[in-house]
Amino acid sequence: WFDASEPWLVRMLGRKPKRTLKAVDGVSFAVPRGSTFAIVGESGCGKSTIARLAVGLYTPTNGSLTYSGGAGSGGRMRVQMIFQDPYASLNPRWRVKDIIAEPIRELGIRKGAAIGKRVDELLGLVGLMRGDGEKYPHAFSGGQRQRISIARALATEPEFLVCDEPTSALDVSVQAQILNLMKEIQGQFHLTYMFISHNLAVVRHASDHIAVMYLGGIVEQAPTEQLFRNPRHPYTRLLIDTIPDLEAPNRQRKQLAGEVPSPLDPPSGCRFHPRCPQAQDICKRVAPALEEQNGRRVACHFPLQPATP
Ligand code: SF4
Ligand code: MG
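The model shown is predicted, which means the values in this text are computed figures rather than measured ones.

Definitions and cut-offs
Residues numbered from 1 in each chain as written. Chains lettered and ligands numbered in written order. Predicted model: local features only at pLDDT ≥ 70, side-chain atom pairs only at ≥ 80, totals over all residues. Buried ≥ 20, exposed ≤ 12 C-beta atoms within 10 Å, placed from the backbone. Helix = DSSP H or I, 4+ residues; strand = E, 2+ residues; numbered from the N terminus. Pairing = 2+ DSSP bridges. Axes fitted to C-alpha atoms, helices over the stretch in contact; angles between N-to-C directions. Contact = placed C-beta atoms within 7 Å. Domains from an automatic or database assignment. Nonpolar A, V, L, I, M, F, W, Y, C, P; charged D, E, K, R; others polar. Near = placed C-beta within 6 Å. Core = buried A, V, L, I, M, F, W, Y, C linked by C-beta atoms within 7 Å.

A. Just the pairing of strand β11 (residues 217-223), in detail. The buried fraction of β11 is high, at 6 of 7 residues. As paired elements, strand β10 (residues 209-214) and β11 share 6 bridges and run antiparallel to each other. The residue bridging Y214 from the neighbouring strand is G217, located in β11. Counted between consecutive antiparallel strands, the loop separating β10 from β11 contains 2 residues, among which L215 sits at a positive phi close to 45°. Across 2 bridges, the pairing between β11 and strand β13 (residues 296-298) is antiparallel. Counted as the bridge partner of E220 is V298 from β13.

So this is what it looks like as structure tokens:
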């Protein structure tokens, strides 16, 4: 129920309303309720733009954004966002209880006792102590701060959480704890997640569906296990091959060749052609369409075939 089937030019709301950020082309996908949809790509591919569009921080200047199947059909979903950097996204001058209480007040709840009770509930939900509400953000570790961000996001009882690199600022061991917490909360409240990451390995165990983006467009989309077992786009294949092998950490990893070209001046034809090991002549001239087959989508003139067992 997230659809933007026209090319978008994106404008940021707020202080610089006229600044045009980037085009995101023909991006459209459906996220089943209660599932996790991951968007993966290198920086500059447009994934954060999609996230901000989804929560309404940006407004599309061209094209449309539709939610359907929500509680109020055709209406706006209750969407919240969790940001990458829990250091930057929490006001250092506020006590944790006030940080979490702010969105509750915005819901129109005014009674101090009711707010206090809800704040305590939320702290418990994310594994923090009641007394933690009295402290300031600097008293907490990165992982605990991300717990505070999650509590704040849940305060408005959202249906849809957009998480932009929610664990990439954290240590690996803490990442797993936060991902597990998010999974628990998802089950408990039947939440739908959009998970934005540059790291395919991080979303492997945390998502049901993955869309791989490259320079403003989706190049492949599939159920997570299918994507890993049988990647069809050469870019997806390369992303999987660059994931470190935990069993053989010293093995030489493949590197993805070349820089991501500027989205303002994208390559002709298939935007991936300058970096693609399989590129043919036609790839430089003709942009491949995103074709759908058996519930998967791929944009490539020469999609990879499944390895024969
Ligand atoms: Fe590579 Fe051509 Fe496929 Fe693009 S269309 S990914 S250049 S093979
Ligand atoms: Mg980003």
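B. The sheet that holds strand β7 (residues 79-82), seen in detail. Strands sit in the order β7-β8-β9-β5-β10-β11-β13-β12 across an open sheet of 8 strands; the sheet is mixed. Two strands in the sheet have a free side with no partner beyond their single neighbour: β7 and β12 (291-293). Across the sheet, the axes of successive neighbouring strands diverge by a mean angle of 20°, strand direction being ignored. Summarising the sheet, strand β8 (residues 160-164) and strand β9 (residues 192-197) pair through 5 bridges and their orientation is parallel. The partner of F160 across the bridge, within β9, is T192. Docked against the sheet, helix α8 (residues 234-241) engages β10 and β11, running at close to 105° with respect to β10.

C. Geometry of the domain arrangement of the protein. Each assigned domain of the protein is listed with its residue range as follows: domain 1 (2-78 + 158-298) and domain 2 (89-157). On the side of domain 2, 12 residues touch domain 1, which itself brings 12 residues to the contact. Broken down by element, the residue count for the side of domain 1 that touches domain 2 peaks at 6 residues, all from helix α5 (residues 172-189). Across the side of domain 1 that touches domain 2, the residue classes tally to 10 nonpolar, 1 polar and 1 charged.

D. The arrangement of unusual backbone geometry in detail. A positive phi angle, near 45°, is found at L215, a position not held by glycine. Locating L215 in the fold gives a position in the loop between β10 and β11. What makes L215 buried here is the crowd of 23 C-beta atoms within 10 Å. Even without being a glycine, N294 presents a positive backbone phi close to 50°. With respect to the secondary-structure elements, N294 resides in the loop between β12 and β13. On the neighbour-count criterion, N294 (7 C-beta atoms within 10 Å) is exposed.

E. Here's a closer look at the site of ligand 1. Among the 13 residues in the neighbourhood of ligand 1, the closest are listed as C270, C276, A279, C283 and C300. Across the shell around ligand 1, the residue classes break down as 9 nonpolar, 4 polar and no charged.

F. Looking closely at the nonpolar core. Core analysis: the biggest nonpolar cluster contains 66 residues, and A151, M194, F195 and V212 have the highest contact counts within it. Both of domain 1 (2-78 + 158-298) and domain 2 (89-157) provide at least three residues apiece to this core. Residues in contact with F195, not counting those within four places in the same chain, are T36, F37, A38, C163, V203, A206 and S207.

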